[in-house]
Amino acid sequence: MTDVGEVAAMDCVYKNPKESVEDRIQDLLKRMTVEEKIGQMTQIHRGVCSAAVIKDFSIGSVCNSAGKSGNDVLSVDWAEMIDGFQTAALETRLAIPIIYGLDAVHGNNKFYGTTIFPHNVGLGATRDADLARRIGSATALEVRASGAHWVFEPCVAVCKDPRWGRCFESYSEDTDVVCNMTSFVSGLQGTPPQGHPAGYPFLAGRQNVVACAKHFVGDGGTEKGNNEGDTVASYEDLERIHMAPYLNCLAQGVSAVMPTYSRWNGRKLHADRFLLTEILKDKLGFKGCLVSDWAGIDRMGEPRGSNYRECVEAAINAGMDMVMVPYKYEKFISDLTSLVKSGEVPMSRIDDAVERVLRMKFTSGVFEHPFSDRSLLKFVGCKEHREIAREAVRKSLVLLKNGRDLEKPFLPLDRNAKKVLVAGTHADDLGFQCGGWSKTWQGMSGRITIGTTVLDSVKAIVGAETEVVYEKSPAEETLSGNDFSYAIVAVGEPPYAESRGDDPEPSIHFDGAEVIRLVAEKIPTVVILMTGRPVFLDPTVLEKVEALVAAWLPGTEGDGITDVIFGDYDFHGKLPVSWFRTTEQLPMNPDADGYDPLFPFGFGLKCKKE
């Protein structure tokens, strides 16, 4: 395929890559009809997309959902599909390419065989900004291999309450930790040159992707951790706690920002002109594209989907530049066209929105290189990326207990022990190990992709003479023998995402606490917790185990766990969130009087004495 940039005839400014981005924007804008402008503000789901739809409605962007079917999806097939959509876009009157966006929450997680990294809460435990940047770079390559140009990441929420179903998408309860980990943006987009104006979109090249900081603003501060709830806070606290990470993202040239579904003091962010326009755009100088969350307009109505036209008017006038419709695009386009004709949405607002969409597109390079680069497919799940993920797993592990007696540490384990028991629901379940946003939106159980479970890793690392016995829920006769040197029990939460993860009592599921109790009463036990947040730990269970490791949701590279518990590397991770004793203590604030966690923010033991 011939790239547009290789076409010799540069008959107009907007097609000429040698012209400035701003000149190209203005040249193209003056050529566009109202219909073409509104089309550029419209993002639709791939399931309702076709060549005819793109051509008839001048569609600006296409996206996909995280999926529900669980079928294996290959990067190469996606690249083929996106290139087909792009061919149609380039056949429109002005040949404005589409920009294709998807969720890559911890790697390009929808696709089979990709590298799935630890979720953000685990990365927050590493405190390693350079690691976050390298994960961003690896993710960008695997996303570009699938043909997509844009990811709806990173989530820079500051999670103040682990009852929130998106706690695992937040790096930390601490604003400074979250700010530090926004280096992920430079991994995705590349690092802008010195002097690049803050707030102006940047993309380094064809091996990078457009990033989108989300969810602006306060999504991690809702009352009782309710997803899409209400963050009750003064503007000063909102700015200090929740807005600060966005400044770091803007300084790195983040190209897009996504508002939150949630409210601030009762006001829905998708319609909050003060925060979206007066603060983000005017005060902070954001020049990129403000894109709604999935069906964000529908969710503004009460009941959901009602008063759609009024919701479109409110969102666009508040400052929304592109709407992730994603299905009812004819209704959205019709209503917005009507609002423009009636003057309820001024033409100046439409032009501002389209300028921002085009700015994102021109800086992304999609005009010059609209099609996928199949040479990048070799990076999907490659050894180098899996090594980065394994390093991330190692550094994310937080050692919460090591031996009943501090003078007699239990870890590291002896890899030449005679007989070892591996147990628990999460010991040999790659889907549970990855959590939500893995293959599907809510995640799933089983061997969902290519990767290594704890059981796989234990078998690989122990000596040739060591017998490894695996029972998910060990039988009494198994436990009654006295011949096990130790047990490794991996338990945790089931996969979940968003509101389905909201939990007033975060806990170990599937009778995991009982499995721990049964095993630990008979065999010296290390427990590996795989959860997206702190969970309730019964004091009697805690007392019985010899060692306790918070592994969060580590992704596909289980070898990172055995690297550390068998002593090839020491523990590195520090708690990114306070670990509560009881949910009555929530939300917890390390600076408050009476702060009495089970394990404080920043806690993390090491095996080696320093």
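Definitions and limits used
Residues numbered from 1 in each chain as written. Predicted model: local features only at pLDDT ≥ 70, side-chain atom pairs only at ≥ 80, totals over all residues. Heavy atoms only, no water. Bend = angle between axes of the 7 residues up to and from the residue. Helix = DSSP H or I, 4+ residues; strand = E, 2+ residues; numbered from the N terminus. Buried < 20%, exposed > 50% of the residue type's maximum accessible area, 1.4 Å probe, protein only. Axes fitted to C-alpha atoms, helices over the stretch in contact; angles between N-to-C directions. Parallel < 35°, antiparallel > 145°, perpendicular 65-115°, else oblique. Left-handed = near helix turned anticlockwise from the far one by under 90°. Contact = heavy atoms within 4.5 Å. Nonpolar A, V, L, I, M, F, W, Y, C, P; charged D, E, K, R; others polar. Pairing = 2+ DSSP bridges.

> I'm lost on helix H9 (residues 235–251) in this one. Help?
In an α-helix there are 3.6 residues to a turn, and that puts residues three or four apart on one side. By the largest-angle criterion, Met243 marks the main kink of H9, which is about 55°, and a proline, Pro245, follows within four residues. Of all the residues in H9, the buried ones are Tyr235, Leu238, Ile241, His242, Met243, Ala244, Pro245, Tyr246, Cys249 and Leu250. Remark: Gly253 follows H9 within two positions and exhibits a positive phi of approximately 75°.

> I would appreciate a short explanation of the packing of helix H12 (residues 308–318) against helix H13 (residues 329–342) in the present structure.
Helix packing geometry: the angle between the two helix axes and the distance between the axes. Across the interface, H12 lies against H13 with an axial gap of 9 Å and an inter-helix angle of 65°. Taken together, the axis directions place H12 and H13 in an arrangement best described as roughly perpendicular. When you trace H12 past H13, the crossing you get is right-handed. Contact residues: H12 offers Tyr308, Arg309, Val312, Glu313 and Ile316, while H13 offers Lys331, Phe332, Asp335, Leu336, Ser338, Leu339 and Ser342. Looking at the contact of H12 with H13 residue by residue, the classes come out as six nonpolar, two polar and four charged.

> Would you mind showing me how to read the sheet that holds strand E2 (residues 61–63) here?
Adjacent strands of a sheet form backbone hydrogen bonds with each other and so pair up, either parallel or antiparallel. As summarised here, the arrangement of the five strands in space is E4-E3-E2-E1-E11, forming an open sheet in which the pairing is parallel. The open sheet has two free edges, formed respectively by strand E4 (150–151) and strand E11 (323–324), since each of these has just one partner strand. Pairing geometry for strand E1 (residues 42–45) and E2, over three bridges, is parallel. Within E2, the position partnered with Gln43 by the bridge is Ser61.

> Quick question: what am I supposed to make of the pairing of strand E3 (residues 99–102) here?
Looking along a regular strand, one sees the side chains alternate between the two faces of the sheet. Burial along E3 is two-sided: the face carrying Ile99 and Gly101 and the face carrying Tyr100 and Leu102 are both buried. Relative to E3, E2 runs parallel, the two being bridged by three bridges. Considered in E3, the bridge of Val62 is made with Tyr100. Examined bridge by bridge, E3 and E4 share two bridges and lie parallel to one another. Looking across to E4, one finds that Leu102 is bridged to Val151.

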